[in-house]
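# Residue-level structural notes
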Amino acid sequence: MAQYARNAAAVAVIRLRNPPVNALSLTVLQALEDGLKRADADPSVKAVMICGENGKFSAGADIQGFSSPKRQGIALGPLVSLIERSEKPVVAAIEGIALGGGLEVALGCHFRVAHVQARMGLPEVTIGLLPGAEGTQRLPRLIGVPAALDLITTGRHIPATEALKLGLVDEVVEENTVEAGIRLANKLIASVSLENVSSKENRELCKHARILTGCPAGQPLGPRRLSLKPIPRLPNMEAFLSEALVKVKKQARGCLAPELCFQAVKAATEQPFADGVQRERELFNILLTSGQAQALQYAFFAERAVQRWTTLSGASWKSASPQPIRRAAVIGLGTMGRGIVTSLVKANIPVVALEQDVEYLNTGRKAVMLLLEREAMKMGQDAQSLDFHNPARLQFTVDFDGLRDVDLVIEAVFENMALKKEIFKKLSGICKPGAFLCTNTSALNIDEIASATSHPQQVIGTHFFSPAHVMRLLEIIYGRHTSPAAIATAMQLAKAMKKVGVVVGNCFGFVGNRMMFPYVQQAVFLLEEGSRPENVDQVIEDFGFKIGPFRMSDLAGLDVGWRSRKGQGLTGASLPPGTPARQRHGRRYSPLPDLLCEQGRFGQKTGKGWYQYEKAGGRTARPDPWLHSFLSEYRDTHQIKTRFIDQEEILERCLFSLINEGFNILAEGIASGPEHLDVIYINGYGWPKHKGGPMFYASTVGLPRILAKLQKYSEAHPDVPELRPSAFLKKLVAAGNPPLKEWMSCSGSQSSKL
Ligand SMILES: CC(C)(COP(=O)(O)OP(=O)(O)OC[C@H]1O[C@@H](n2cnc3c(N)ncnc32)[C@H](O)[C@@H]1OP(=O)(O)O)[C@@H](O)C(=O)NCCC(=O)NCCSC(=O)C[C@@H](O)CCCCCCCCCCCCC(=O)O
């Protein structure tokens, strides 16, 4: 709702109230409209101030409402117009946040005062929409087309100081914003009512109010009504807009909202306000019904739902308390360790960074300092807080004794079980008993690592993604003995590092890599059967992935998987003589990646892999004629009949096998809901967010179709168990293809939090 109050000095205060973020539900909108009408009808009210409860103006329209079947009721756009038309000055007092529809309400007000720590923005684009309450028409009139286009197409939040520079707010205050808003409202009242009074003091007050408001005498509000303002012209508007469109399209990678945001702002430059608003509405409705908005809004809530973690044994976020991390340590300063140290420093956690010897330490130290300097450059003034040259904040050592008093250690050494166990044994003897011992591993067994310590309840997996200071995902893996406090602490740490932590169970590859395995496997099988790396990558990139499986493999290095397969006895010296080239343990196996590695083709780092590069370390992938003839010879050698494989088959075999593994993971309780898998894939594996993640995508394709396709491919490839439909998928189809939020109630495992 919105609370209406009168203060003694003729200012009506309307306070938006809908905890926790004062989202503009229909009830809030109705109360806001009632408040405005009441203030208008009361002759003793001379000005209105709108603010939000609990130090937050508003996070915008209630996102839940967009997916509710009943969307009738008062619309926000007309309400913003109503505010703007008011004959009594309306002031917005912005504290905390004014986002989306919240900022649009503020744009309807005649004056805006913001607290210095407030943040503002129009993030609708990030949930697949555009500012649909006339914001695409008012904002460019206020701050100009380039700045408005930037805010609307990126959805970025800006601090109050930047808003002041842009002219988005009139005043930034450090003190109580509501009081400042009332003070301004009182000055405005004085400006209106004292116009014709001739005392010197009143004339001064009037002058002050006019300077403050920029309103000429006798027309106190006209120029403050943004709908009446012309769009600030650019000398080269057309050229500017064409360039901007190219940029927006490039960054959107198949997501509709940025381009439609652009179109709405373009309409503001070409049409009168009312027509622009009409265009905004049309474009808004296209987005609202596009499916992408639904996917992006699902992703928004999924990211919040995974914060409410549970484990198979019933531990959960409700009962577990995170422990404070006053000091942390990182072991190993390779690529991952450097990124992890950087993330911790940025989170203001003092760090001890440890390497095995002085040479490695010096190399690692240089690399970390370089990363931190780059981060500091990006942060500008705020960088002072990093203070990373201070040894109390960041210390480098080769001495394990330096780890005695840390609260948490993140081991980030080479992916080798024996080495990790040796380190954990050492840590167990050195660290204080309450210290949490985290292992950065992408696949290894957490329980086995924990078995090397005397307090396995403190051991937990923290799977960072490369580059660790950039990637948002942190897969948090609990073992058999991991304590709820360790999970809660790791989740808290993820938040401090501005990452999204997802709690999952312990199995080979955990969630992300376990689902990735069948996807990559299918991609390689497709090469055997007739595709080329560039065909497969193109299909996957057209779907919206940032990078296809072969470009990805070249980037990560083919040697990583090769080492792991050698370790598993799938290739290399330990392979029993007589093992068929294309079969392991009775299943289909492709030795293609091993053969490339044997040729020294490790990907970008060697200048050759699935593609060729301009040089070792080069980044521009070009199709490689050598690889094409190598594939032909390989097919001849193994008498594989080549066929044309269409895009549909490429997409389905890669994605449906990945999704199928997702259903197995859910059935086993390794993740407690489909939203966990989706958050992992969006934030760690480049799954296009506007397709909602693999499990959401499955729900949009329809589970019966996924099942039928898997059955078809499985019959064609009986030696590929990953294509055999998961029992849980079959169960869901038999249960009538229930909506995603009901899946877990059919699993016999835990329930989804969505
Ligand atoms: C606000 C935040 C920055 C806060 O972050 P923080 O980390 O502090 O906290 P959380 O993110 O965990 O959030 C706490 C809590 O609040 C929930 N929540 C947050 N924002 C919203 C919201 N806007 N709506 C609902 N719920 C919200 C969140 O889920 C958490 O809940 P939990 O249960 O997990 O505790 C951060 O939350 C944030 O960034 N929020 C989103 C901000 C945003 O995107 N705002 C834009 C919203 S969309 C909008 O405003 C649209 C407008 O332009 C108006 C459009 C006009 C509408 C017209 C509609 C007409 C439709 C009819 C068309 C007819 C055609 C037809 O029928 O076919």
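The rules behind these values
- Residues numbered from 1 in each chain as written.
- Predicted model: local features only at pLDDT ≥ 70, side-chain atom pairs only at ≥ 80, totals over all residues.
- Heavy atoms only, no water.
- Helix = DSSP H or I, 4+ residues; strand = E, 2+ residues; numbered from the N terminus.
- Rg over C-alpha atoms; globule rule 2.2 N^0.38 Å.
- Buried < 20%, exposed > 50% of the residue type's maximum accessible area, 1.4 Å probe, protein only.
- Contact = heavy atoms within 4.5 Å.
- Salt bridge = Lys/Arg side-chain N within 4 Å of Asp/Glu carboxyl O.
- Pairing = 2+ DSSP bridges.
- Axes fitted to C-alpha atoms, helices over the stretch in contact; angles between N-to-C directions.
- Phe/Tyr/Trp six-rings, centres within 6.5 Å; stacked < 30°, edge-to-face > 60°.
- Lys NZ or Arg CZ within 6 Å of the ring centre and 35° of its normal.
- Near = heavy atom within 4 Å.
- Polar contact = N/O pair within 3.5 Å; in protein donor to acceptor, adjacent residues only side chain to side chain.
- Areas by Shrake-Rupley, 256 points an atom, 1.4 Å probe, with all protein chains shown as cover.
- UniProt positions renumbered as here; feature names shortened; annotations may be inferred.
- Parallel < 35°, antiparallel > 145°, perpendicular 65-115°, else oblique.
- Left-handed = near helix turned anticlockwise from the far one by under 90°.
- Nonpolar A, V, L, I, M, F, W, Y, C, P; charged D, E, K, R; others polar.

## Some remarks on the overall build of the protein
Looking only at helices and strands, the protein features 28 helices and 19 strands. Over its C-alpha trace the protein gives a radius of gyration of 30 Å, about what one expects of a compact globule, namely 27 Å for 754 residues. In terms of principal-axis extent, the alpha carbons of the protein reach across some 105 × 60 × 55 Å. Scored against the burial criterion, the 754 residues of the protein give a buried share of 56%. Sequence separation of 24 or more characterises 71% of the internal contacts of the protein that already satisfy a separation of 6 or more.

## Here's the deal with the pattern of salt bridges
Scanning the model with the defined rule gives 39 salt bridges in all. Residue Arg643 pairs with Glu529 through a salt bridge whose shortest N-O separation is 3.0 Å. Taken together, the residues span a long stretch of sequence, with Arg643 in the loop between helix 23 (625-637) and helix 24 (647-668) and Glu529 in helix 18 (residues 512-529) at a distance of 114 residues. A residue is classified by how much of its surface remains accessible, and Glu529, at 6% relative accessible area, is buried.

## A few points about the sheet that holds strand 1 (residues 2-6)
The sheet built from six strands is open, its strands ordered 1-2-3-4-6-9 with mixed pairing. Every other strand in the sheet has two partners, leaving strand 1 and strand 9 (171-173) as the edge strands with one partner each. Each strand axis lies, on average, 20 degrees off the axis of its neighbour in the sheet, ignoring direction. Bridge count for strand 3 (residues 47-52) against strand 4 (residues 90-94) is three bridges, and the pairing is parallel. Bridging from a neighbouring strand, Ile50 pairs with Ala92 of strand 4.

## Things to note about the sheet that holds strand 8 (residues 158-159)
Spatially, three strands are ordered 5-7-8 in an open sheet, and the strand pairing comes out mixed. For this open sheet the edge positions go to strand 5 (97-99) and strand 8, each flanked by a neighbour on one side alone. This element, helix 3 (residues 101-108), spans strand 5 and strand 7 (119-121) of the sheet and lies at about 90 degrees to strand 5.

## Examining the packing of aromatic side chains
Inspection of the entire model under this criterion finds 16 aromatic pairs. Here the aromatic rings of Phe663 and Trp743 are separated by 5.1 Å at their centres, their planes lie at 45 degrees, and the arrangement is tilted. Placement of Phe663 in helix 24 and of Trp743 in the segment after helix 28 (727-734) is noted, with a sequence separation of 80 residues between them. Side by side, Phe663 and Trp743 carry an identical accessibility label, which is buried. Ring pairing ties together the aromatic residues Tyr519, Phe543, Phe545, Trp687 and Tyr697, which thus form one cluster. In this structure, Lys566 packs its charged tip against the face of Trp562, placed 3.6 Å from the ring centre.

## Some remarks on the site of the ligand
Surveying the vicinity of the ligand reveals 29 residues, the closest of which are Ala59, Gly101, Glu104, Glu124 and Arg304. Backbone polar atom of Ile63 to a nitrogen atom of the ligand: 2.9 Å apart, as the coordinates give it. A distance of 2.7 Å separates an oxygen atom of the ligand from a polar atom in the side chain of Arg304. About the coverage of the ligand: the protein hides 70% of its 1,300 Å² of free accessible area. Put simply, the parts of the chain that give the shell around the ligand at least two residues each are strand 5, helix 3, helix 11 (273-288) and helix 12 (292-305).

## Quick notes on the UniProt feature "domain: 3-hydroxyacyl-CoA dehydrogenase C-terminal" (unreviewed entry) in the protein
Within this numbering scheme, the UniProt entry marks residues 509-613 and 650-739 as carrying the feature "domain: 3-hydroxyacyl-CoA dehydrogenase C-terminal" (unreviewed entry). In residues 650-739, helix accounts for 67% and strand for 0%; the two terminal C-alpha atoms are 26 Å from one another.

## Here we look at the packing of helix 5 (residues 145-154) against helix 10 (residues 256-270)
Running from amino to carboxyl end, helix 5 crosses helix 10 at an angle of 155 degrees, the nearest separation of the two axes being 9 Å. When the axes of helix 5 and helix 10 are compared, the pair comes out roughly antiparallel. Both helix 5 and helix 10 take part in a crossing whose hand is right-handed. The residues of helix 10 that touch helix 5, namely those facing Val145, Leu149, Ile152 and Thr153, are Pro258, Cys261, Phe262, Val265 and Thr269. A breakdown of the residues in the contact of helix 5 with helix 10 according to their chemical character gives seven nonpolar, two polar and no charged.

## What to know about the environment of Ala581
Along the polypeptide, Ala581 turns up in the loop between helix 21 (558-567) and strand 18 (583-584). Sequence-wise, Ala581 and His638 are 57 residues apart; in three dimensions their C-alpha atoms are separated by 8.8 Å. What Ala581 contacts, discounting residues up to four positions off in sequence, is Tyr589, Pro591 and His638.

## A look at the side chain of Arg653
Considering the arrangement of structural elements, one finds Arg653 in helix 24. Assessed through its relative accessible area of 0%, Arg653 is described here as buried. In this structure the side chain of Arg653 is engaged in a polar contact, spanning 2.8 Å, whose partner is the side chain of Glu649. In contact with Arg653, not counting residues within four places along its chain, are Gln522, Phe525, Leu526, Glu529, Arg643, Tyr713 and His717.

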